Amino acid sequence: MTKLDGLRQWAHRAGDSPRAWAGPPPSPRLALATGFLSAVADRFGLWGDPGSGKVAWGDYDRYLAYVHELAPYLPGGFVDIAGRLATAAEAILGITLLLGVAVRLSAWAGAGVLLTFALSMFFFSHPEAPLNASVFSATGLALLLALAPTDTCAFALDRKLGLEHP
């Protein structure tokens, strides 16, 4: 057996161990939480005015116009409702993931929101758009977090309060 074979076997066994999950879960939670909260902040102009710097929307009206571009499959009045629901969902998911409340449920819901957004971007904007914005990557991260053993979510209120489920 070569050193490389030994390293491969060690890496494979390490991934099967619950201890391997002990450190990483706070990182995906924080990455997803800050991503959701940052997007919501941008919609309300907290990152700057429209067109300044790297601001995507800068105000809620520009965000809703973008939702109209991405959701031509929804009837007119439902697009604004979808935009509001997406904003509420992202704010709630950002907070729950940040605090570590209902981590698994929040991760599954976040994956659903992100996948919907990614597919809408892909089909109704440009196939490169969700790739440049790393939306498919964020969806994968949410799925990874959703599938992580819940008893390893360090720094989560669920764990501290004994609310985690297998």
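Peer 1: Got a minute to help me understand the overall build of the protein chain in this structure?
Peer 2: Across its full length, the protein chain holds eight helices and zero strands. Listed N to C, the secondary structure of the protein chain is α-α-α-α-α-α-α-α in terms of helices and strands. Of all 166 residues assigned to the protein chain, the portion counted as buried reaches 33%. Sequence separation of at least 24 residues holds for 59% of the intrachain contacts in the protein chain that already meet a minimum separation of 6. In the structure as shown, the protein chain presents an accessible area of about 9,900 Å², 68% of it carried by carbon and sulfur atoms.

Peer 1: So what exactly am I meant to see when it comes to the packing of helix H2 (residues 26-43) against helix H4 (residues 76-99) here?
Peer 2: The angle between the axes and the distance between the axes are what describe a pair of packed helices. Two elements in contact, H2 and H4, have axes whose closest approach is 8 Å; the angle formed by their N-to-C orientations is 145°. Of the two possible hands of crossing, H2 and H4 adopt the one that is left-handed. In contact with Arg29, Leu30, Leu32, Ala33, Phe36, Leu37, Ala39, Val40 and Arg43 of H2, H4 contributes Ala86, Thr87, Glu90, Ala91, Leu93, Gly94, Ile95, Leu97, Leu98 and Leu99. The class makeup of the residues in the contact of H2 with H4 is 14 nonpolar, two polar and three charged.

Peer 1: Is there a simple way to think about the layout of surface pockets in this case?
Peer 2: A probe as big as a water molecule, rolled over the atoms, marks out the empty space that is left. By volume, the largest pocket is sized at about 790 Å³. In terms of lining residues, the largest pocket is bounded by 35 residues, among which Ala39, Arg43, Glu90, Leu114 and Phe117 are the most central. In terms of residue count, H2 provides more of the lining of the largest pocket than any other element does, eight residues in total. Within the lining of the largest pocket, the residues separate by chemical class into 25 nonpolar, seven polar and three charged.

Peer 1: How should I be thinking about the pattern of salt bridges in this particular structure?
Peer 2: One side chain can pair with another of opposite charge once the charged atoms of both are near each other. Scanning the entire structure with this criterion turns up two salt bridges. The residue Arg43 makes a salt bridge to Glu90 at a minimum N-O spacing of 2.9 Å. Highlighted residues: Arg43 in helix H2 and Glu90 in helix H4, separated in sequence by 47 residues. We classify Glu90 as buried; its relative accessible area is 9%. Residue Asp59 pairs with Arg62 through a salt bridge whose shortest N-O separation is 3.9 Å.

Peer 1: Any chance you could explain the packing of helix H3 (residues 60-70) against H4 here in plain terms?
Peer 2: It is at 9 Å that the axes of H3 and H4 come closest, and there the two elements cross at 120°. Taken together, the axis directions place H3 and H4 in an arrangement best described as oblique. For the pair H3 and H4, the crossing hand works out as right-handed. Contact residues: H3 offers Tyr60, Tyr63, Leu64, Val67 and His68, while H4 offers Gly76, Val79, Asp80, Gly83, Arg84, Ala86 and Thr87. The class makeup of the residues in the contact of H3 with H4 is six nonpolar, four polar and two charged.

Peer 1: Explain the nonpolar core to me, please; I cannot follow it from the model alone.
Peer 2: In this structure, Leu32, Tyr63, Leu97, Leu114, Met121 and Leu145 are the most contacted members of the largest nonpolar core, which totals 25 residues. Those elements that place two or more of their residues in this core are H2, H3, H4, helix H5 (103-124) and helix H7 (135-147). Those residues in contact with Met121 that sit more than four places away from it in its chain are Tyr66, Leu70, His126, Ala129, Pro130, Ala133 and Val135.

Peer 1: Whenever I open this one, H2 confuses me. Can you help?
Peer 2: Since the α-helix packs 3.6 residues into each turn, any two residues three or four apart lie on the same face. Taking 1.5 Å as the rise per residue, H2 with 18 residues should run 26 Å; its terminal C-alpha atoms sit 26 Å apart, in good agreement. Turning to H2, its buried residues number three or more, namely Pro26, Pro28, Arg29, Leu32, Ala33, Phe36, Ala39, Val40, Ala41, Asp42 and Arg43. For H2, the elements touching its buried residues are H3, H4, H5 and H7. Residue Gly45 follows H2 closely and has a positive phi angle near 75°.

Calculation criteria
Residues numbered from 1 in each chain as written. Predicted model: local features only at pLDDT ≥ 70, side-chain atom pairs only at ≥ 80, totals over all residues. Heavy atoms only, no water. Helix = DSSP H or I, 4+ residues; strand = E, 2+ residues; numbered from the N terminus. Buried < 20%, exposed > 50% of the residue type's maximum accessible area, 1.4 Å probe, protein only. Contact = heavy atoms within 4.5 Å. Areas by Shrake-Rupley, 256 points an atom, 1.4 Å probe, with all protein chains shown as cover. Axes fitted to C-alpha atoms, helices over the stretch in contact; angles between N-to-C directions. Left-handed = near helix turned anticlockwise from the far one by under 90°. Nonpolar A, V, L, I, M, F, W, Y, C, P; charged D, E, K, R; others polar. 1 Å grid on protein atoms, 1.4 Å probe; cavity = no way out; pocket = protein on both sides within 12 Å on 5 of 7 lines; lining within 4 Å. Points joined across faces, edges and corners; volume = space filled by probe spheres on them. Salt bridge = Lys/Arg side-chain N within 4 Å of Asp/Glu carboxyl O. Parallel < 35°, antiparallel > 145°, perpendicular 65-115°, else oblique. Core = buried A, V, L, I, M, F, W, Y, C linked by side-chain atoms within 4.5 Å. Expected span 1.5 Å × (residues − 1).

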